[in-house]
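Next come the chains, spelled out residue by residue.
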Amino acid sequence: MRDSDALENNPHVSRSALEAIHGQVYGWALSRCDFDHATAEDLMQQAYVELLSGNARFDNRSSLKTFVFSVVQNLARSRFRRLSSRLRLVRQYQQESSGAVAQISEPVDTAVWRAVRALPARQRDVIELVFCRELTIEQAAAVMGVSTGTGRVHYDRAKKALRSRLQDRSEEES
Amino acid sequence: MKGSDDKLRERLSQAWARRAGDRQPPFDSTWQSAQSRHAASRRRYRRFAGVAATAAAIVVGLNALTSMQQPTYIEVAELLESTYWSAPSDVLLPDREFDIYQDMPVLFESTEPAGGTLL
């Protein structure tokens, strides 16, 4: 079946379907590039180019949302592979130079965010995909390129770690 | 367990939303930019393919032209009739033509040094 606004090189993908998940995919792209809006927008454009050109071909084996999330994930991975060490150095420098100021100016509700940031990357990804992007654990595992079993393990560990960290935090505050 | 999951989900969603902020590019502008990038890359590809095809055609044409102009050095009749042959295209071979039936026995029997060595 082909939609009226289906893409020429990707007959199972339509513009309207992409528009419907645009916000969710943008959120995912944003967290892939450390919440830098310009980079996230560029990543989104690149993902759409991949779909338009047919380089990333959707064949209905998963949901479109899972597929587009995977495209963004792969593009982000390949883009930041080379830059990761440089970014790490930049972040380290930023923390060293303005760590004290950042701690003071951070709002109180970033406790949750800090607990999330403390998680290993895969646990953070699975928890974001399931809790914030409304994917199932199976879909999240597919996006991350791991088996469903591994996805479940990451999900459970992430939840446990978050609960204990947030509990510690609330005990400290009380 | 379900209740605590929901609570955690809510807290995380809020934290993520706050971190991401409200700024979200509209779909139309992102889509248009992607389309123009796609069109530009196709144009680049077509231009490159055109240049590559032209270059390949030139190389093939020149090759055909030179092979037509070059005389054939190996004459089958000449080879069959004579006992010596030298490859004229090979510049590394000596200029002197070498007759294996005439020259070889002389060389074998010779005690004269040739090129610093005694044959």
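All figures in this text were calculated on a predicted structure; none of them were measured in a lab.

**Structural notes on the overall build of chain B**
Scanning chain B for helices and strands turns up four helices and two strands. In chain B, the order of α-helices and β-strands from amino to carboxyl end is α-α-α-α-β-β. When the 119 residues of chain B are sorted by exposure, 5% land in the buried category.

**As for the overall build of chain A**
Helix and strand content of chain A: seven helices and zero strands. With 174 residues in all, chain A has 35% of them scored as buried. Residue pairs in contact within chain A that sit at least 24 positions apart in sequence constitute 60% of those at least 6 positions apart.

**A closer look at the confidence of the model for chain B**
Residue and element names in this part refer to chain B. Per-residue confidence for chain B gives a mean pLDDT of 79, with 74% of residues at or over 70. Looking across chain B, the model is least confident in strand β2 (residues 117-118), with a mean pLDDT of 58, and most confident in helix α2 (residues 27-69), with 92. Our summary of model confidence lists the complex with pTM equal to 0.67 and ipTM equal to 0.74.

**A word on the packing of helix α5 (residues 121-132) of chain A against helix α6 (residues 137-144) of chain A**
To describe two helices that pack against each other, one gives the angle between their axes and the distance between the axes. All names here are of chain A. Axis separation between α5 and α6 bottoms out at 9 Å; the angle between their running directions is 135°. The orientation of α5 relative to α6 falls into the category oblique. When you trace α5 past α6, the crossing you get is right-handed. Touching Arg122, Asp125, Val126, Leu129 and Val130 of α5 are Ile137, Ala140, Val143 and Met144, all from α6. Residue composition of the contact of α5 with α6, grouped by class: seven nonpolar, no polar and two charged.

**What about the interface of chain B and chain A?**
Each partner contributes to the interface: chain B provides 21 residues, whereas chain A provides 27 residues. Looking at the side of chain B that touches chain A, the elements with two or more residues in it are α1 (2-20) and α2 of chain B. A total of ten residues in the side of chain B that touches chain A trace back to one element, the largest contributor, which is α1(B). Residues belonging to the side of chain B that touches chain A are distributed by class as follows: nine nonpolar, six polar and six charged.

**What about the environment of Arg152(A)?**
Residue and element names in this part refer to chain A. Mapping Arg152 onto the fold places it in helix α7 (residues 148-173). Its 16 C-beta neighbours within 10 Å are what place Arg152 among the partly exposed residues. For the pair Arg152 and Ala140, spaced twelve residues apart in the sequence, the C-alpha separation amounts to 9.4 Å.

**Considerations on the confidence of the model for chain A**
On average, residues of chain A score 83 in pLDDT, and 79% of them are at 70 or above. Under a pLDDT of 50 for its full length, residues 100-106 of chain A has, in the predicted model, zero contacts with residues more than four places off or in other chains.

**Description of the nonpolar core**
Membership of the largest hydrophobic core comes to 47 residues, with the highest contact counts inside it found for Ala29(A), Leu43(A), Ala47(A) and Val72(A). Of all the elements in the fold, those that place two or more residues in this core are α1 (15-32), α2 (37-53), α3 (64-105), α4 (110-117), α5, α6 and α7 of chain A together with α1 of chain B. Ranked by the residues each element gives to this core, the list is headed by α2(A), at eight residues. For this core, the two domains that each supply at least three residues are domain 1 (1-84) and domain 2 (103-169) of chain A.

**Some thoughts on α5(A)**
All names here are of chain A. A rise of 1.5 Å per residue sets the reference length of α5, with its twelve residues, at 16 Å; its end C-alpha atoms lie 16 Å apart and thus fit the reference within 8%. The buried count for α5 comes to nine of twelve residues, which makes it a mostly enclosed element. Of all the positions in α5, only Gln123, Asp125, Val126, Ile127, Glu128, Leu129, Val130, Phe131 and Cys132 are classed as buried.

**Examining the environment of Asn10(A)**
Residue and element names in this part refer to chain A. Locating Asn10 in the fold gives a position in the segment before α1. Here Asn10 falls in the buried class, since 20 other C-beta atoms lie within 10 Å of it. Between the C-alpha atom of Asn10 and that of Glu50, which follows or precedes it by 40 residues, the distance is 9.8 Å. Not counting residues up to four positions away in its chain, the partners in contact with Asn10 are Leu51, Gly54, Arg57 and Phe58.

**Section: the packing of α2(A) against α2(B)**
Two elements in contact, α2(A) and α2(B), have axes whose closest approach is 8 Å; the angle formed by their N-to-C orientations is 55°. If you check the angle between α2(A) and α2(B), you find them oblique. Here α2(A) runs over α2(B); the crossing is right-handed. On α2(B), the residues that touch Glu41(A), Met44(A), Gln45(A), Tyr48(A), Val49(A), Leu52(A) and Ser53(A) of α2(A) are Thr30(B), Trp31(B), Ser33(B), Ala34(B), Gln35(B), Arg37(B) and His38(B). Residue composition of the contact of α2(A) with α2(B), grouped by class: six nonpolar, six polar and two charged.

**Side note on the environment of Gly27(A)**
Residues and elements named next belong to chain A. Along the chain, Gly27 falls in helix α1. The class of Gly27 is buried, set by 20 C-beta atoms lying within 10 Å. Separated by 106 residues in sequence, Gly27 and Arg133 place their C-alpha atoms 8.0 Å apart.

Quick notes on the rules
Residues numbered from 1 in each chain as written. Chains lettered and ligands numbered in written order. Predicted model: local features only at pLDDT ≥ 70, side-chain atom pairs only at ≥ 80, totals over all residues. Helix = DSSP H or I, 4+ residues; strand = E, 2+ residues; numbered from the N terminus. Buried ≥ 20, exposed ≤ 12 C-beta atoms within 10 Å, placed from the backbone. Contact = placed C-beta atoms within 7 Å. pLDDT = per-residue confidence, 0-100. Axes fitted to C-alpha atoms, helices over the stretch in contact; angles between N-to-C directions. Parallel < 35°, antiparallel > 145°, perpendicular 65-115°, else oblique. Left-handed = near helix turned anticlockwise from the far one by under 90°. Nonpolar A, V, L, I, M, F, W, Y, C, P; charged D, E, K, R; others polar. Core = buried A, V, L, I, M, F, W, Y, C linked by C-beta atoms within 7 Å. Domains from an automatic or database assignment. Expected span 1.5 Å × (residues − 1).

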